[in-house]
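Listed below, chain by chain, are the residues.
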Amino acid sequence: MASETRRDRMEKILRDSLDPSEIFVIDDSIRHLGHAGSSPSGETHFQVKITSDLFRGLSLVEQHRKIYSLLQEELKNGLHALEIESKY
């Protein structure tokens, strides 16, 4: 069985916690090669596009804080940048 990627882990965390109706987790690391925080092995820069009813009543900042909180371990372990598009 292939090892789990950061993208897979991130998607699972977000799916399990936010029950999204739509989610896209995109490894965008290739576009950031040579930038601060990048790694030749990739998996450092991601885009997350997510729609969840659990965001209803939350400001955009609160939605993003929730996502950052959920992905805290990934951020501590090599995830350098996260571009978020969230809505309900």
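Being a predicted model, the structure only gives us computed values, none of them experimental. (Residues numbered from 1 in each chain as written. Predicted model: local features only at pLDDT ≥ 70, side-chain atom pairs only at ≥ 80, totals over all residues. Heavy atoms only, no water.)

**Examining unusual backbone geometry**
We note that Asp19 has phi near 40 degrees; this positive angle belongs to a residue other than glycine. Within the secondary structure, Asp19 is located in the loop between helix H1 (6-18) and strand S1 (22-27). (Helix = DSSP H or I, 4+ residues; strand = E, 2+ residues; numbered from the N terminus.)

**Observations regarding helix H2 (residues 60-70)**
For H2, the complete set of buried residues consists of Gln63, His64 and Ile67. Projection of H2 onto a plane perpendicular to its axis shows the buried side chains occupying an angular sector of 95 degrees, all on one side. Looking at the packing, one finds that the buried side of H2 touches H1, strand S2 (45-51) and strand S3 (81-87). (Buried < 20%, exposed > 50% of the residue type's maximum accessible area, 1.4 Å probe, protein only. Arc of directions from axis to C-beta. Contact = heavy atoms within 4.5 Å.)

**Focus: the packing of H1 against H2**
Between H1 and H2, the least distance of the axes is 10 Å, while the angle of their chain directions is 125 degrees. In terms of their interaxial angle, H1 and H2 are classed as oblique. Note on packing geometry: the crossing formed by H1 with H2 is right-handed. Between H1 and H2, the contacting residues are Ile13, Leu14, Ser17 and Leu18 on the first element and Lys66, Ile67 and Leu70 on the second. Residue composition of the contact of H1 with H2, by class: 5 nonpolar, 1 polar and 1 charged. (Axes fitted to C-alpha atoms, helices over the stretch in contact; angles between N-to-C directions. Parallel < 35°, antiparallel > 145°, perpendicular 65-115°, else oblique. Left-handed = near helix turned anticlockwise from the far one by under 90°. Nonpolar A, V, L, I, M, F, W, Y, C, P; charged D, E, K, R; others polar.)

**Some points on the pattern of salt bridges**
Summed over all chains, the structure comprises 8 salt bridges. The shortest N-O distance in the salt bridge between Asp53 and Arg56 comes to 3.6 Å. We note that Asp53, like Arg56, is exposed. Among the ionic pairs, Glu73 bridges to Lys76, the shortest N-O distance being 3.7 Å. Here Glu73 pairs with Lys76, and both are found in helix H3 (residues 72-76), just 3 residues apart, close to one helical turn. One network of salt bridges, in which partners are shared, links Arg7, Asp8, Glu11 and Arg15. (Salt bridge = Lys/Arg side-chain N within 4 Å of Asp/Glu carboxyl O.)

None of the figures reported here should be taken as evidence of function without further support.
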